[in-house]
Amino acid sequence: MALLSQLHAQTPLRVAAAADLEPVLPPILEQFRRATGIRAEATYQASAMLTTQIMNGAPFDLFLSADLNYPKKLIDAGLADAAAAPTRPPITYSKGTLVLWARKDSPLPPLPSISSVTPPSNVWPSPIPIGAPYGRAALAALTSLKLYDALKPRLATAENIAPGRPIR
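From a predicted model like this one, the values you see are computed outputs, not experimental measurements. Residue numbering note: each chain is counted from 1, following its sequence as written. This being a predicted model, a pLDDT of at least 70 is required before a residue's local features are given, and a value of 80 or more before pairs of side-chain atoms are given or counted; all residues contribute to the totals for chains, interfaces and linings. Side-chain numbers come from the whole structure's heavy atoms, not from hydrogens or water.

Trainee: Help me understand the pairing of strand β1 (residues 13–18), please; the structure alone is not making it clear to me.
Mentor: A regular strand places its side chains so that they alternate between the two faces of the sheet. Two strands are said to pair when DSSP picks up at least two bridges between them. Think of it this way: any DSSP run of H or I at least four residues long counts as a helix, any run of E at least two long counts as a strand, and we number them from the N terminus. Bridging between β1 and strand β2 (residues 40–45) involves 6 bridges; their strand directions are parallel. Bridge pairing in β2 links Ala18 to Gln45. A clockwise course of the path from the first strand over the helix to the second, judged with the strands pointing away from the viewer, identifies a crossover as right-handed. Between the parallel elements β1 and β2, the chain passes through helix α2 (residues 25–36) in a crossover that is right-handed.

Spelled out as structure tokens, the structure:
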């Protein structure tokens, strides 16, 4: 048993984690290490990118995706633990809500609802992570409210939500 504990202490658990988890996952992994003695190392990227890496042989032990479709894709491809997948499907660890946020000094008037938004020409929307579920939800909301065409020339897209990531 001592040999097994030493092996776990030497071989880290490799975690593929959606970029939005970067601010919150490190203390959870540290708590896991203290409780089990097992180190965990996380790689943070867009879930779509992590899925592609796993499909191409990246050696991750655990995948925390921002979208359930990506783990399901890996299960369908036979890349998840075959014994566990039929009895333990992917687990939803959180749900998000799309919100409209503006600074106090924004030129936008107070908004009773998102449908009242008519963006002034000097307002630049935040980067939209188009590969992430909340990015797709933001684009769907803008399209539904018929704001997308007006904002499209000024939209900035991002690979994911992680801080410090390049905007294109």
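Picking up after the structure, the text goes on.
Trainee: How do you make sense of the pattern of salt bridges when you look at a structure like this?
Mentor: Note on pairing: side chains with opposite charge can pair once their charged atoms come close. Salt bridges, as used here, are contacts in which a Lys or Arg side-chain nitrogen is within 4 Å of a carboxyl oxygen on Asp or Glu. For the structure shown, the criterion picks out 4 salt bridges. Where Glu30 meets Arg33, a salt bridge forms, and the shortest distance between an N and an O atom there is 2.4 Å. Here Glu30 pairs with Arg33, and both are found in helix α2, just 3 residues apart, close to one helical turn. Among the salt bridges present, the one from Glu41 reaches Arg39, with a minimum N-O distance of 3.3 Å. Among the residues examined, Glu41 registers a relative accessible area of 42% and is labelled partly exposed. Accessible area is worked out with a 1.4 Å probe on protein chains only. A residue is then buried under 20% of its type maximum, exposed over 50%, and partly exposed in between. According to the relative accessible area criterion, Arg39 is partly exposed, its value standing at 32%. Because the salt bridges share partners, they merge into one network encompassing Glu30, Arg33 and Arg34.

Trainee: Explain α2 to me, please; I cannot follow it from the model alone.
Mentor: Since the α-helix packs 3.6 residues into each turn, any two residues three or four apart lie on the same face. The span expected for a helix works out to 1.5 Å for each residue beyond the first. The end-to-end C-alpha separation of α2 is 16 Å, in line with the 16 Å expected for 12 residues at 1.5 Å each. Directly beyond the C-terminal end of α2, a positive phi value near 80° is found at Gly37.

Trainee: Would you mind going over the nonpolar core with me for this structure?
Mentor: General note: in soluble globular proteins, nonpolar side chains tend to be found buried as a group. Nine residue types can take part in a nonpolar core, namely buried Ala, Val, Leu, Ile, Met, Phe, Trp, Tyr and Cys, and a core is a set of them joined through side-chain atoms within 4.5 Å. With 7 residues, the main nonpolar core is built from Val15, Ala17, Leu21, Leu25, Leu29, Tyr44 and Leu64. Where this core is concerned, the elements lending two or more residues are β1 and α2. We call two residues in contact whenever any of their non-hydrogen atoms come within 4.5 Å of each other. Aside from chain neighbours lying at most four places away, what touches Leu25 is Val15, Ala17, Ala42, Tyr44 and Leu64. Within the second largest apolar cluster, 6 residues are counted, among which are Ala16, Leu50, Phe63 and Tyr70.

Trainee: How should the sheet that holds β1 be read in this particular structure?
Mentor: Note: strands within a sheet are paired through backbone hydrogen bonds, in either parallel or antiparallel orientation. Strand order in the open sheet formed by 3 strands is β2-β1-β3, with parallel pairing between adjacent strands. Strands with a single pairing partner mark the edges of an open sheet, and in this sheet they are β2 and β3 (62–64). The average angle at which neighbouring strand axes cross in this sheet is 20°, direction not considered. For every element, the axis is a line fit to its C-alpha atoms; helices are fit only across the contacting stretch, and the angle between N-to-C directions ranges from 0 to 180 degrees. α2 contacts β1, β2 and β3 of the sheet and is inclined by roughly 160° relative to β2.

Trainee: How do you make sense of helix α3 (residues 47–55) when you look at a structure like this?
Mentor: Taken as a whole, α3 has its buried residues at Ser47, Leu50, Thr51 and Ile54. One side of α3 carries all its buried residues, which in axial view fall inside an arc of 105°. In this structure, the buried side of α3 is in contact with β1, β2, β3 and α4 (69–76). Just downstream of α3 lies Gly57, where phi reads positive at about 100°. Arc definition: directions from the helix axis to the C-beta atoms.

Trainee: Looking at this structure, how should I read the packing of α3 against α4?
Mentor: Two numbers describe how α3 lies on α4: the axes approach to 9 Å, and their chain directions differ by 15°. By the angle between their axes, α3 is roughly parallel relative to α4. Read as a crossing pair, α3 and α4 show a hand that is right-handed. Residue-level contacts link Ser47, Ala48, Thr51, Ile54 and Met55 of α3 to Tyr70, Lys73 and Leu74 of α4. Each angle gets one of four labels, with under 35 degrees taken as roughly parallel, over 145 as roughly antiparallel, 65 to 115 as roughly perpendicular, and the rest as oblique. Crossing chirality is assigned from the near helix's rotation relative to the far helix, an anticlockwise turn below a right angle marking it left-handed and a clockwise turn marking it right-handed.

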